[in-house]
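Each chain is listed here by its residues.
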Amino acid sequence: MESFSVLLGGAAGDGISEAGGMVARILNDLGYRTYRHIDSPSLIRGGHTFVVVRAHRRRISAHRDHVNVLVALDGQTVERHAWRLKDGAVTVFDGDAVKLEDLPERVASRCVGVPVKSIMTDLGAPAVMRNTAILGALCKTLAIPWTVLDDAITRHLQKQTELNRAVARRGFDSSAEQVTIRPPGGMPLPIVSGVEAIGLGLLAGGLGAYLGYPMTPTSGLLHYLAQQAPRFGVKVYQPEGEIAVMLMALGHAYAGERVAVGTSGGGFCLMTEGLSLAGQAELPIVVVLGQRTGPSTGLPTYTAQGDLDFALGAGHGEFPRVVIAPGDVEQAFAWSRLALDLAWAYQLPVIVLGDRTLQENWQSFLDEETPMLPRFAAREWDGVATSDEPDLAYLRYAFTADGVSPLAFPGREGAVVKVNGYTHDEWGATTEEAGLTARMQEKWLLKERTMGVALDKVPEVNVYGDASAAQTVVTWGSPVGALREIGELLGVRVVQVVVLRPFPLRQLREAIADSQRVAVAEVNANGQLANLMERYGLPVHVRLNRYDGRPWAVGELRRRVEEEVLA
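The rules behind each value
For every chain, the first residue of the written sequence is number 1, and numbering continues from 1 along that sequence. It should be noted that, the model being predicted, local features are given only for residues of pLDDT at least 70 and side-chain atom pairs only at 80 or more, the latter also being counted only at that level, while totals for whole chains, interfaces and linings use all residues. With hydrogens and water set aside, each side-chain value is computed from the structure's full complement of heavy atoms. Pairing of aromatic rings covers Phe, Tyr and Trp, the last counted by its six-membered ring, and requires centre-to-centre distances within 6.5 Å; plane angles under 30 degrees mean stacked, over 60 mean edge-to-face, and any other angle means tilted. Strands here are runs of E lasting at least two residues and helices are runs of H or I lasting at least four, both read from the DSSP assignment and numbered beginning at the N terminus. Here's how the labels work: a residue is buried when its accessible area is under 20% of the maximum for its type, exposed when over 50%, partly exposed in between, all with a 1.4 Å probe on protein chains only. Whether a charge sits over a ring depends on NZ of Lys or CZ of Arg being within 6 Å of the ring centre and within 35 degrees of the ring normal. Disulfides are defined as cysteine sulfur pairs within 2.5 Å. Contacts are residue-level and defined by heavy atoms, with any inter-residue pair within 4.5 Å sufficient. Between any two strands, at least two bridges found by DSSP are needed for them to pair. If the strands point away from the viewer and the path from the first strand over the helix to the second runs clockwise, then the crossover is right-handed. Axes, fitted as lines to C-alpha atoms, cover a helix only where it is in contact. Angles between the N-to-C directions of the axes lie from 0 to 180 degrees. Convention used here: angles under 35 degrees read as roughly parallel, angles over 145 as roughly antiparallel, angles from 65 to 115 as roughly perpendicular, and any remaining angle as oblique. By definition, turning the near helix anticlockwise from the far helix through less than a right angle yields a left-handed crossing, and turning it clockwise yields a right-handed one. The classification used treats Ala, Val, Leu, Ile, Met, Phe, Trp, Tyr, Cys and Pro as nonpolar, Asp, Glu, Lys and Arg as charged, and all other residues, Gly among them, as polar. For salt bridges, the criterion is a side-chain nitrogen of Lys or Arg within 4 Å of an Asp or Glu carboxyl oxygen. Contacts described as polar in this section are N or O atom pairs within 3.5 Å, which, within protein, must combine one atom able to donate a hydrogen with one able to accept it, while residues neighboring in sequence count only if both atoms come from side chains. A helix's residues, less one, multiplied by 1.5 Å, set its expected span.

## Topic: the packing of aromatic side chains
Counted according to the given criterion, the structure contains eight aromatic pairs. Measuring from ring centre to ring centre gives 4.4 Å for Phe 503 and Tyr 536, while their planes differ by 15°; the resulting arrangement is stacked. Separated by 33 residues along the polypeptide, Phe 503 in the loop between strand S18 (499-501) and helix H17 (505-511) and Tyr 536 in the loop between helix H18 (528-535) and strand S20 (542-545) bring together distant segments of the chain. A residue is classified by how much of its surface remains accessible, and Phe 503, at 12% relative accessible area, is buried. Positioned above the aromatic ring of Tyr 464, the side-chain terminus of Arg 484 is 5.2 Å from the ring centre.

Structure, rendered in C-alpha cells:
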C-alpha cells in the first residue's frame, strides 16, 4: 500500500500509547514514514484512549480519519470507531472482551478475534500485556514477519522482555494474514515527538539550563532534557511553581548561561510578571509555550491554538519579543535552535509557540526537510570602557546605533554588571527622568526594528502546494501538516506563517499575492491569525476554524477547503 492507517483503542491504563508507539517503530523499521496521533482523556485509568498510526511511502505529518485496520481491546472502541473503517478494512479484537455476535455487520464480515485471556492465563502474564498479544496478532494480520516484531520487542521493551516475546508470539500464531502491505524498504528514520525535537534544537543551540514545572503538553520536554542532562552537561530543574521557574531562569541568564523554560497557558499566566522583568532588564530567555484547550484547566490533554494573542502581548508595558510557531518536528528542531540565538543576540524573550498536536505526537524526522536557518551571535563586551568614569567602565544598557548593548556577565574583569527591573539609565541605575525614560523605550523599539530587518532575510513564511493557484489557505503551527497534503491533492496554495512577531508583513504579502480567495485555517474560535492579518491590511475571505479540542485530520480539513474555499 502507498498509505495506510491503524487505529488502536482501549481504556486508559491499557497501554494503548505504548502499543501505538510499537506499531510506529515496526512500520518505521519496514521503511515507512510514520505519524502517531494519540487521543487520551486526563485519566489514569478508565475513559477511552485511542491512537492512530499512519504509514506512508512519503513524508507525512498529520493523521487521517479513516483506517485500514481497527485494533480493539474493548467493545467501546468498536462502537466509537466503526465509522472509520475503509472498504475492506480488518478489525483485530480481544475475543474475551468483545463478542463476535455483538459486532456490527460491516465489522464482523472481516475480523480477527484473539483469545487474550487464555494467552495471559497460560503464560502467567499480567493484564497490562494484553496489548502485546494484540500487537502480535496485528503483525500477522498485516503479513509482517515475526522476526521484525521480535526484534522490535527486544529493542524497545526492556522490562520482562522474554515474557513479552512469548505473549506476542502466541498472539501472532492466533491470527492469519489478511492484508499484504508490501513495505517500501529502505533505512528507518528517527521517530520523535515535538517536545523531543524542541529539546534537541535547544541543545544544538547551546542550552545550559532548563527549568519547568510539569504541565501538559510540555511536561515531556522536562522529562526528556532530564534524561539527556548527563550526556550534554545541562542543568535541569523542577522548582516549586511557574513563578519560581521564570525567576530562577532569569538568574541563569544574568549569570551568562543560555536558558529555557517550558509551560502551558495557565503556567505562562504566572510567568508573565517575570517575562516583563526580562523585557525591562533585557535578559535573554526562551519560553516553550504548549497550547491546550482552555480557558482555565479546559481540556488538559487536548489541543488548541488559542494562545497566539496571549503570546504576542503577554506582560505589562511595551517591550520587544519574538514569537515563533513551528509546524512539524523538523521545523521545531531548527527554529528552537534559532530561538536561543535570537534571545541572546537581541537580549529579549523568545516564545516557541506549539500545541499539543505538535508537541506530543510522533513523526518521522527527515534531515533533508530541516530548514537551513542562519546562526546569530551574541554581542559581547570587548572590554573597552564605554564611560570616562572608572567605576562605570561597563554600561550594561549602553545606547548603540542599533539598540543592542554589548553583553558582559558577573565576574568579568572591569565590569560591574547591574540589571534592573525599574526604569534605568545606561549603567542600570534607577531613574524617573522623563528624557531617559523615553530614550530607553526608543532603544527597545530600535532593537526590535533591527531584529526585524535581520529576520526578514530568513524564510519566516513557507509556501506549499501550487504557488500560483488563485485559492490560498494560510495557517500557522501544526495544521500545516494536513494542509501540505491538501495543497498537493487539490492544487491550492498553502502558506505557513512561522514567525508571528515581528510580523513578517513583506514575506506574507508576497506569499499571498494575486490570490483571488484567501482562507485562514486554525484551531481556535476567534481566528487569531486571521485577525492579525486584517490588522496589517491583508485580505481574509474565509475562516476555517476548529475549536473542539481535536486537531485537523487530512480528510476533514480537505472537505472544508473544498466546500468553503474552492466552491
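## A look at the state of the cysteines
Across all of its chains, the model carries zero disulfides by this definition. Note on Cys 139: no disulfide assigned, nearest cysteine sulfur contributed by Cys 111 at a separation of 19 Å. Overall, Cys 139 belongs to the buried group, its relative accessible area being 2%.

## Notes on the environment of Leu 532
Along the chain, Leu 532 falls in helix H18. Put simply, Leu 532 and Asp 309 are 223 residues apart on the chain and 8.8 Å apart in space, counted from C-alpha to C-alpha. Once residues lying within four places of it in the same chain are set aside, the contact partners of Leu 532 are Leu 312, Leu 500 and Phe 503.

## Quick word on the pairing of strand S11 (residues 285-291)
For S11, the buried fraction is high: seven of the seven residues fall into the buried class. Burial along S11 is two-sided: Ile 285, Val 287, Leu 289 and Gln 291 and Val 286, Val 288 and Gly 290, pointing in opposite directions, are all buried. Two strands pair when backbone bridges link them, and strand S10 (residues 259-264) and S11 are joined in this way by five bridges, in the parallel orientation. Note that in S11 the partner of Val 261 across the bridge is Val 287. Each parallel crossover has a hand, and the one from S10 via helix H11 (residues 265-281) to S11 is right-handed. Note that S11 and strand S13 (residues 349-355) share seven bridges and pair parallel. Residue pairing in the sheet places Ile 285 in a bridge with Pro 349 of S13.

## Let's talk about the packing of helix H16 (residues 480-490) against helix H19 (residues 554-564)
At a closest axis distance of 9 Å, the pairing of H16 and H19 adopts a crossing angle of 55°. With respect to each other, H16 and H19 are oriented oblique. Crossing of H16 over H19 shows right-handed handedness. Side by side, H16 and H19 meet where Ala 482, Leu 483, Glu 485, Ile 486, Leu 489 and Leu 490 of the first sit next to Val 554, Leu 557, Arg 558, Val 561 and Glu 562 of the second. Of the residues belonging to the contact of H16 with H19, the class tally is eight nonpolar, no polar and three charged.

## Regarding the sheet that holds strand S9 (residues 235-237)
One open sheet accounts for seven strands, arranged S9-S8-S10-S11-S13-S12-S18; its pairing is mixed. The strands lining the two open edges of the sheet, one partner per strand, are S9 and S18. Sheet twist, expressed as the average angle between the axes of neighbouring strands with direction ignored, equals 20°. Here three bridges tie strand S12 (residues 322-324) to S13, and the two strands are oriented parallel to one another. For Val 323, the partnering residue across the bridge sits in S13 and is Ile 351. Along the sheet, H11 contacts S10, S11 and S13; its crossing angle with S10, the most-contacted strand, is approximately 145°.

## Some points on the pattern of salt bridges
Throughout the structure, instances matching the rule amount to 34 salt bridges. Where Glu 556 meets Arg 546, a salt bridge forms, and the shortest distance between an N and an O atom there is 2.5 Å. Linking Glu 556 in helix H19 with Arg 546 in the loop between S20 and H19, this pair joins segments that are 10 residues apart in sequence. Given a relative accessible area of 12%, Arg 546 falls into the buried group. Salt bridges here are not isolated pairs; linked through shared partners, they connect Arg 59, Asp 328, Glu 330, Glu 369 and Arg 484.

## Structural notes on the packing of helix H1 (residues 16-29) against helix H5 (residues 130-141)
It is at 10 Å that the axes of H1 and H5 come closest, and there the two elements cross at 30°. In terms of their interaxial angle, H1 and H5 are classed as roughly parallel. Between H1 and H5 the crossing geometry is right-handed. Each of Ile 16, Ala 19, Met 22, Val 23 and Ile 26 in H1 lies in contact with H5, whose residues at this interface are Asn 131, Leu 135, Leu 138 and Cys 139. Looking at side-chain class alone, the contact of H1 with H5 contains eight nonpolar, one polar and no charged residues.

## Some thoughts on the environment of Arg 493
By secondary structure assignment, the location of Arg 493 is in strand S17 (residues 493-497). Taking C-alpha positions, Arg 493 is 8.4 Å from Val 474, a pair spaced 19 residues apart along the chain. Among the polar contacts made by the side chain of Arg 493, one reaches the main-chain carbonyl oxygen of Ala 469 at a distance of 2.6 Å.

## Describing helix H15 (residues 434-455)
Between its terminal C-alpha atoms H15 stretches 32 Å, which fits the 32 Å expected from 22 residues at 1.5 Å a residue. At its buried positions, H15 is contacted by H11, S12, helix H13 (329-346), S18 and H17. For H15, the capping residue at the N-terminal end is Glu 433, with a side-chain oxygen 3.0 Å from the backbone nitrogen of Gly 435.

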